[in-house]
Amino acid sequence: HSQYVEETLKGFAMQQTDFPFLCCVFDDASTDGEQDVLRRWVDEHCNHNDVEVYDHPLTIILKAPDKDNPNCIYVVYLMKVNTWGKPERSELINYWCQFGEYISMCEGDDYWTNPLKLQKQVGFLESHPDYVMCSHHFDLYNESTNRFEPDWFKSIEADFEYDLNSFVTRKAWMTQPLTVLYRSKAWNKSEYKRYNHAKDVTLFYYLLRQGKGMLLKDNMGIYRIHDGGIWSRIDKGKQTKAELLTAMGVYDVHRDRSSAILLENSAYRFPGIEFFKENGKLYIRALKILYKELGFKRCWRFLKKTCNPNKK
């Protein structure tokens, strides 16, 4: 994300809030020069006397407020080794979350465009205690065509409520990571550790078991589509496998109808015959779960949907 992360940081620094917020940036020992970009950003946007440096065995941490926006306090992890899939990774990432009442996210190739994004979302949750999260509209930017397009729920012009049922049935998939802000008290680390293969889908499912979500009518971010995207460069078979494993990780914890429906709607693209050759046991287990929880008709519908090469 070295060529994109500066734009992401600009989206953080522009935020106008009446509260301080921690801007935690995690670089996992990438080799594309991103750490140099992050060091340069801190050097240019923070007063040198304010920069605190922590030398951890796994990482160097830089902490300092933005000199032009003191409410924006950077916490930058410059990992010495890659920690993908290791428990130390989540411990390091989650450490600073304990200090915040709310948590928001943004991938390093996406960015925020509205300076009042955080203020509006926090303001909504402050005045609506029965909601645990809120999201907002965004545009998709396709690098290959250099075109911006509205999100897939552009027809919704007013604030719109969603819940667990609308999420698992994909009737209201309004939770792209760059748009979501949620209450930190709605997330429990020990409970969340029970999920295997956890992804953003797992997080939003877990949160919506605690309460409702609200889609704000404002368009406040950009989701970037490019060849270097981690998800977009994976073939359909591996995408399908990842989706099934994620949904099964949820089902293995809850073993109920809603987690089965999440599984039913997780594999929605034809993965190719090689997928079935390599992942036959996984697919058969999915069919057994759907038959047990949802019945024969839903199981059969899932079978037809995932085996139809013309299905988009």
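Use the structure listed above.
Residues numbered from 1 in each chain as written. Predicted model: local features only at pLDDT ≥ 70, side-chain atom pairs only at ≥ 80, totals over all residues. Heavy atoms only, no water.

Caption draft 1: Main features of the pattern of salt bridges. In this structure the tally under the stated criterion is 14 salt bridges. A salt bridge links Lys120 to Asp218; the shortest N-O distance between them is 2.9 Å. On the criterion of sequence distance, the pair formed by Lys120 in helix α4 (residues 117-127) and Asp218 in strand β11 (residues 212-225) is long-range, its members being 98 residues apart. On the accessibility criterion, Asp218 (21% relative accessible area) is partly exposed. One salt bridge in this structure joins Arg224 and Glu143, with 3.6 Å as the shortest N-O distance. Of this pair, Arg224 sits in strand β11 while Glu143 sits in the loop between β7 (131-142) and β8 (147-150); the two residues are 81 residues apart in sequence, bridging distant segments of the chain. Arg224 gets classed as buried once you look at its relative accessible area, which sits at 8%. Relative accessible area serves as the criterion here: at 30%, Glu143 is assigned to the partly exposed category. Several salt bridges converge on common partners, so that one network encompasses Glu7, Glu143 and Arg224. (Salt bridge = Lys/Arg side-chain N within 4 Å of Asp/Glu carboxyl O. Helix = DSSP H or I, 4+ residues; strand = E, 2+ residues; numbered from the N terminus. Buried < 20%, exposed > 50% of the residue type's maximum accessible area, 1.4 Å probe, protein only.)

Caption draft 2: Here's a closer look at the environment of Val81. Along the chain, Val81 turns up in the loop between β4 (72-79) and α3 (87-95). Under the relative-accessibility criterion, Val81 is labelled partly exposed at 38%. Once the C-alpha coordinates of Val81 and Thr59 are considered, the two residues, 22 residues apart in sequence, prove to be 7.6 Å apart. Setting aside residues up to four positions removed in sequence, Val81 forms contacts with Asp28, Ala29 and Leu58. (Contact = heavy atoms within 4.5 Å.)

Caption draft 3: Structural view of the environment of Arg224. Here the alpha-carbon distance between Arg224 and His137, two residues 87 residues apart in the chain, equals 14 Å. Those residues within four positions of Arg224 in sequence are excluded, and the remaining contacts are Tyr4, Glu7, Asp109, Asp110, Tyr111, Tyr141 and Glu143. A distance of 3.0 Å separates the side chain of Arg224 from the side chain of Glu7, its partner in a polar contact. (Polar contact = N/O pair within 3.5 Å; in protein donor to acceptor, adjacent residues only side chain to side chain.)

Caption draft 4: Structural context of unusual backbone geometry. Located in the positive-phi region is Ala29, a residue other than glycine, with phi close to 55°. Relative to the helices and strands, Ala29 resides in the loop between β1 (21-27) and α2 (34-45). For Ala29, a relative accessible area of 22% puts it in the partly exposed group. Positive phi is not limited to glycine here, since Arg255 has a value of about 45°. Tracing the sequence through the fold places Arg255 in the loop between α8 (236-254) and α9 (257-264).

Caption draft 5: Representation of the side chain of His137. Locating His137 in the fold gives a position in strand β7. We classify His137 as buried; its relative accessible area is 5%. Reaching out from His137, the side chain makes a polar contact with the side chain of Asp151 at a distance of 3.0 Å. Discounting chain neighbours no more than four positions away, the residues touching His137 are Asp151, Phe153, Lys154, Ile156, Leu215, Leu216, Lys217, Asp218, Asn219, Met220 and Gly221.

Caption draft 6: Representation of the sheet that holds β1 in the model. In spatial order, the strands read β1-β4-β3-β2; together these four strands make up an open sheet with mixed pairing. At either margin of the open sheet sits one strand with a lone partner, and together these are β1 and β2 (52-55). Each adjacent strand pair in this sheet contributes to an overall mean axis angle of 15°, direction not counted. Inspection of the sheet shows strand β3 (residues 59-65) paired to β4 by seven bridges, in the antiparallel sense. Paired with Ile61 across the strands is Tyr77, a residue of β4. On the sheet, α2 packs against β1, β3 and β4 and is oriented at approximately 150° with respect to β4. (Pairing = 2+ DSSP bridges. Axes fitted to C-alpha atoms, helices over the stretch in contact; angles between N-to-C directions.)

Caption draft 7: Fine view of the state of the cysteines. The full count for this structure, using the stated rule, is zero disulfides. No disulfide involves Cys23; its sulfur sits 4.8 Å from the nearest other cysteine sulfur, which is in Cys72. No disulfide involves Cys307; its nearest neighbouring cysteine sulfur is the one of Cys299, lying 11 Å away. (Disulfide = S-S within 2.5 Å.)

Caption draft 8: Up close: the packing of helix α1 (residues 5-13) against α2. Interhelical geometry of α1 versus α2 gives an angle of 35° and a closest axis separation of 10 Å. With respect to the hand of their crossing, α1 and α2 are arranged in right-handed fashion. For the pair formed by α1 and α2, the contact residues are Val5, Glu6, Leu9, Lys10 and Ala13 on the first element and Glu34, Val37, Leu38, Arg40 and Trp41 on the second. Here the contact of α1 with α2 is built from residues that sort into six nonpolar, no polar and four charged. (Left-handed = near helix turned anticlockwise from the far one by under 90°. Nonpolar A, V, L, I, M, F, W, Y, C, P; charged D, E, K, R; others polar.)

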